[in-house]
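Structure assessment
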Amino acid sequence: MSGAGTGTVRLRALAALVLCAAAPLAAQTGGAISGTVRDSLRGTPVHGAEVIVVGAQRSALTDTAGGYRIREVRSGRYRVLARAIGCGPILHDNVVVPAGATVLLNFRLDCSAVEVRGLEVRTTPDIVLDPTVTATVQRITADDLRHLPVTTIEEAVALSAGAVGESYRGGRVGQQSFIIDGLGVKNQLDQSTGGLGVRVPPDVLTEAALVTNGFSARYGQAISGLINVVTKDGGERWDGRLAYENDRPFPGSWDMGLDRLVLEADGPLVGRVRFLGAVDATGRLDADPVNAPPPADTLDPRSRRPSLLPHNSGEQVDLTAKLTIAIGAHHTLRLFGLHSVDQRLLFEPLFKYDDRFAPARRLRGDLVSGHWQYAGVSGAGASLVTDLRVAYFDRDFIRGSLAEVPTRRFGGFTGRTFHFIGEDIARAQDTAAARAAIPGLDPPQLSDRTPWGVPAFFEGGGGRGELAWNHFRELRTQLDLDVGSGREVDFYLGGEVIRQRVETFQRALGYQPVGGKAAVPPATASSFTPVSAAAYGEMQLRWEDLAFTMGLRYDRFDSREESARATLEGLTVQPKQTVSPRLGVSSVLKGATVVVSWGRFSQAPDFQYLVDAAFDDTVRTGRFRAGNPALGFERSSQYEFSVRARPTPITSLRVNAYVKHLEGLVASVPFGLNPDSSIFGNTDYGNVQGGEIIFERELVGGWGARIAYTLQSATATATNAFQLFQRIRIAPGGQDTIRPARVEFPLDYDRRHGVTVILQGRVADSAGPRLLGLRAIGGWEAAAIVRWASGLPYSRTNPTGDTLLGLPNSWRLPDQSTVDLLVRRPISLLGLSGSVYFDARNLLNTRNIIAVRRDNGQPGIDGAAVDSAAAIAYRAHPEPIPYESPRYRSWADLNGDGSVSGPDELLPLYVAAARDYYQPLFAYGPPRVVRFGVEVIF
Amino acid sequence: MRRAGVATLLAMLGTLVACRHGEVLRVSDYGTDSPFFPGEPTRLTLSLANDRDPAWLPDGSGILYTRERPDRADKDWCFAVMPPRGGRITREICNDAAPAADSTDTFERASVSSDGRLAYLRSSGPTVGWPNLQFDAHRYRELAAAPLAAPLEAQVIVSLPATLPGGRLILGASQIRWLDSISLVYRGDFDGWVCLVPGPNCAQTHVITGLGLVYQTLGAAGSKLQLPGTDFASSVAVGAGYIYYTLGGDSRVYARSTTTGVTTTIWDFGAAGIARDVQVLGRKLIAVVGGNVSFTFIAALGYPVQVDNGGRIHVVDLLTGTDVVLSAGPRLFRHLALAPSGASLVAESFSGSATDLYLLGVP
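Residues and elements named next belong to chain A. A cluster of nonpolar side chains, namely Val368, Trp372, Leu388, Val390, Tyr392, Leu475 and Leu479, defines an oily patch on the protein surface of about 540 Å² accessible area. Residue assignment for the nonpolar patch shows that the elements contributing at least two residues are strand S23 (360–375), strand S24 (383–400) and strand S27 (467–485). With respect to the helices and strands, the residue Leu475 is situated in strand S27. The class of Leu475 is partly exposed, set by a relative accessible area of 39%.

Often, the extent of an interface is quoted as the loss of accessible area upon association of its parts. Facing the 47 residues of chain B at the interface are 55 residues of chain A. Both faces combined, the contact of chain B with chain A buries some 4,200 Å², and carbon together with sulfur accounts for 66% of it. Seen at the junction of chain B and chain A, the total is one salt bridge. Taking the shortest distance from any N to any O, the salt bridge between Arg887 of chain A and Asp71 of chain B comes out at 3.5 Å. Looking at the side of chain B that touches chain A, the elements with two or more residues in it are helix H1 (2–18) and strand S3 (63–68) of chain B.

All names here are of chain A. Across all of its chains, the model carries 68 salt bridges over all chains by this definition. Note that Lys322 and Asp233 form a salt bridge whose closest N and O atoms lie 2.9 Å from each other. You can see Lys322 sitting in strand S21 (residues 314–327) and its partner Asp233 sitting in the loop between strand S17 (225–231) and strand S18 (239–246), a full 89 residues away along the chain. Accessibility classification places Lys322 together with Asp233 in one group, the buried group. A salt bridge links Arg931 to Glu245; the nearest nitrogen and oxygen atoms lie 2.5 Å apart. Of this pair, Arg931 sits in strand S53 (residues 929–937) while Glu245 sits in strand S18, placing them 686 residues apart in sequence. Take Arg931 and Glu245: they sit in the same class, and that class is buried.

This part takes up the packing of helix H7 (residues 863–876) of chain A against helix H8 (residues 902–917) of chain A. The angle between the axes and the distance between the axes are what describe a pair of packed helices. All names here are of chain A. Where H7 contacts H8, the two axes come as close as 8 Å, and the packing angle between them is 125°. When the interaxial angle is binned, H7 and H8 end up oblique. Every pair of crossing elements has a handedness; the one defined by H7 and H8 is right-handed. Contacts between H7 and H8 involve Val866, Asp867, Ala869, Ala870, Ala871, Ala873 and Tyr874 from the former and Gly902, Pro903, Leu906, Leu907, Tyr910, Val911, Ala914 and Arg915 from the latter.

Parameters at a glance
Residues numbered from 1 in each chain as written. Chains lettered and ligands numbered in written order. Predicted model: local features only at pLDDT ≥ 70, side-chain atom pairs only at ≥ 80, totals over all residues. Heavy atoms only, no water. Patch = residues over 30% accessible without salt bridge, like charges linked within 9 Å, V, L, I, M, F, W, Y side chains within 5 Å. Areas by Shrake-Rupley, 256 points an atom, 1.4 Å probe, with all protein chains shown as cover. Salt bridge = Lys/Arg side-chain N within 4 Å of Asp/Glu carboxyl O. Helix = DSSP H or I, 4+ residues; strand = E, 2+ residues; numbered from the N terminus. Buried < 20%, exposed > 50% of the residue type's maximum accessible area, 1.4 Å probe, protein only. Contact = heavy atoms within 4.5 Å. Buried area = accessible area lost by both parts, 1.4 Å probe. Axes fitted to C-alpha atoms, helices over the stretch in contact; angles between N-to-C directions. Parallel < 35°, antiparallel > 145°, perpendicular 65-115°, else oblique. Left-handed = near helix turned anticlockwise from the far one by under 90°.

In structure tokens:
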């Protein structure tokens, strides 16, 4: 497949679908090109031939065996030239180099001629069978993103086997690290609950990959996986893409108020400077739509429009720019900037009819990086590639009540920065000023704007009084050395130093002063400057079809957090250190590639757990908890056995079996005698075992397919007394009570079965009859993603919510399934190519239950519970509602006396209000979401 | 091919951009500017709780009054604004500050100046539940002024109780009238619980009675003085260089020149009874006269109190001397407020044990 002899096989890049492979150094920005140069007549090796990757500043000389290896070739498409004195050069076009993969590219030079010949060759590496790799990589390219019904990198990565949203192989959210162009980027403050904060526009991607096992010792800060993102450099000529998509033409509830504009352009600026820029802006009137059943009560406004929630709009804008500057023959400088803003109005049922008091949030992220790369000349197989990266990452999050709800100007776009009440106090971390009620925050009152009028359930006049702000910054310096010694040995050395700054502020019930009858807790704030450092060494040895990869990584972090309690108690927080070895062996046995790998991985805990605050734990219920500045690393050990084979030239089959042990996960444990007080500790352990089967047929003959099945069991082991108190007691009721030392229960993302089927089809351009000079069906493309997954676990509690029923996560949600579809028709405009497309998610409008109430295991409460809630509310407010009151509803005044009074008139209103309030909106996943798009490629 | 492609693409783009998104859920407007009982007099409020102290917005665009809110957990008394002909309340002003959540806060006796300043009496006391509010346990009570647009951002004019320059102690204030943008005149009151009929099982009765008219200037150097000759005043009105007032137990209406201080009697209702709640606009003089009203000396206080449960509304043409009784039938009114146009007035009237507001046309 990868040799010149197979060049006539034209496989479009989109045929790659989600490519799964192993890589010698997974999660790199570059791959390698390796092979031999031989005399085409005599078949003898050509020693000293030069192999040049055009446009990548990379080259190598062949050794005495005619072999060569070019390392750290940036992911992308290249022309590769081989030449030698006395031989005619050979040029290969369209050599696709994926990150972390090795392209086998053999040349046969005609040493009796001197004319340069260009070959139209499209080369893709056989990254399925490549025996020199040990990690498990599931890759998606920019073409895949464009030709599949996915929009973001996260959606694309979620197609991978073993992924449950942003959880990978049973781990919890936040156990992954993002690698953008070889640079680690992680929100170390609250990755497990807050996300990264920056989004790379998909149009600037070369590829994105999920690495779930055996990733290189170069990368840390993750114990479940890496998201490796490689952006492209500006091209040799100007080109780009402009796309606009929305759901405006669709009727009724199909219109979710979506608008998305994408513009990407890249090309040469001056000299050897190339530019890449992109903007990706998305606005949605209903940014988090739900597929809940429409209310049966015709007086409920949503019975007419069941899918579009108020105060639920959002806007995201991502801007990126990149300069690639080639300096001399061996140096390249890349300057990269990324700015992301995500503003959301957050719907809350409580404020459904006074939505201006519902909360909002703003998340801003900025990443600026510089990357200097030196690529030494390869001679006789030896090479040196040096990468020095310096990056500044700045993430700012705030949530609270808006000072003013901005007006939407176009779709979901406001074009204005959200400002929040008390924002200045939060940014100043002024806990003294925050002891008083925060000016501008009013306490909520029972709303009089509901359809039901009665004073019950819904609130207005003021919000929750929540104000949360955090700011995370880091300056990362990262040095990587890639030392090649012949074709058989590679050394990777390097390290990084990260200086961070963490600032947090939280205030609850801000409309009240601290203390008082309501026992309003004081504001919490923290500010500290952790320092992290790491060093690694890795070596790969290759002998024909056998490869060993050995690595060792050292990590250290010093939170330097000096909490008031630590100071008070005289605690000295020591820096934490860990060493993580990694090992992989791969070979080819009977035509199949077999890989065995083992590795230990570690990550520093989210810094949010080091400081006092109220946060939700992914396993526990949320409480006010004390931070623990002495928290140490969370760790995992992973074992994997995988087999990769090609049943036919265009199909592949991969089977992965893995075992992962999670150790020292952060959890909350009781703190003192106060039942509502706890402290974080490295107290949770988990075991994940699973298997993945991935079958793939490349897009040949007009269709391709990929089927991935995942079987998994992920359990947690807790020594947390909060859990243990709920467990079996020996000698119940006696004085000599004994409780078990530990319990085991499913992890939150323990999805037992998952199937993802991706189907793609394409009609040849010349196919079909001509109508009015146009091919009616020629060039049409379609892709469908069919997903089915068994339910995730959840915990049940008693009705008051303070006692777990059974073990944690011992109950299961129902199965889920979706069908997504993308249909695309190519079109041309003024000589430019483009397309129009229709993209539908959850095409069959399956109503998936994604959450249930913990007290009854159902999405909502039943009729009796509604009646009970209504009766309680009525008893609290039996007052008649006079005509002049804003609460008066004429249709409820049955006797027409100008007053809604008595149980006959009032109680039905309370029942309707209760039914309305307890609608389980967010228990259901998204409905059918469609969009129509037009794009132009220029 | 190219033309077709261009046309198709342009059509697509045009369709995409030109279409409007559907609207998100919007709250219905349940309001109306029509009264429930449109007859004469028009009953404006139907609440079983108290609605009282009506006042007009200066431009006549609405009626501002005090509305008791037994549906609130804190049982506050709030200001409400309703359309000039009645209907649904369009604005409500309550003390929603968190510290006030555990107390009953009352906003009363509203008066809006022509430049949009609101003077009112505000007080706070422990919440004891409707309808048994206790008014003599205030944490604070004060006369305050604020922009009508931001009524909670008030400047305190007088903290009560206060002692007048003559030495009389006042516990409350009512009949608040703006003289100009920097001065007020109001009735200083006894506002409390008292035993009207002494005896071993005497029931305490809530009594509000005037003790005198107070002239009050605002600002840092603000001062107050009792207008001479206004002991036990029962009502006051201002207009055209005069302060009009009535006295307890008296059927006459007096006019005091704001420039000369000379007081004259401009009308005497004579046998019709005790006059109060006087309003004067041009040649029209309107007052509540007679009815269920008493003026009795109370030994426990050492002075007389006027207990007013309503009377007849008289409209007098000061030029012709005609006196027309507006109300017919047994309904009695009090605390009236004449519209700026002079064409209508709003007054309190008892419905059971609580008061409601009525709108009456003025000839």
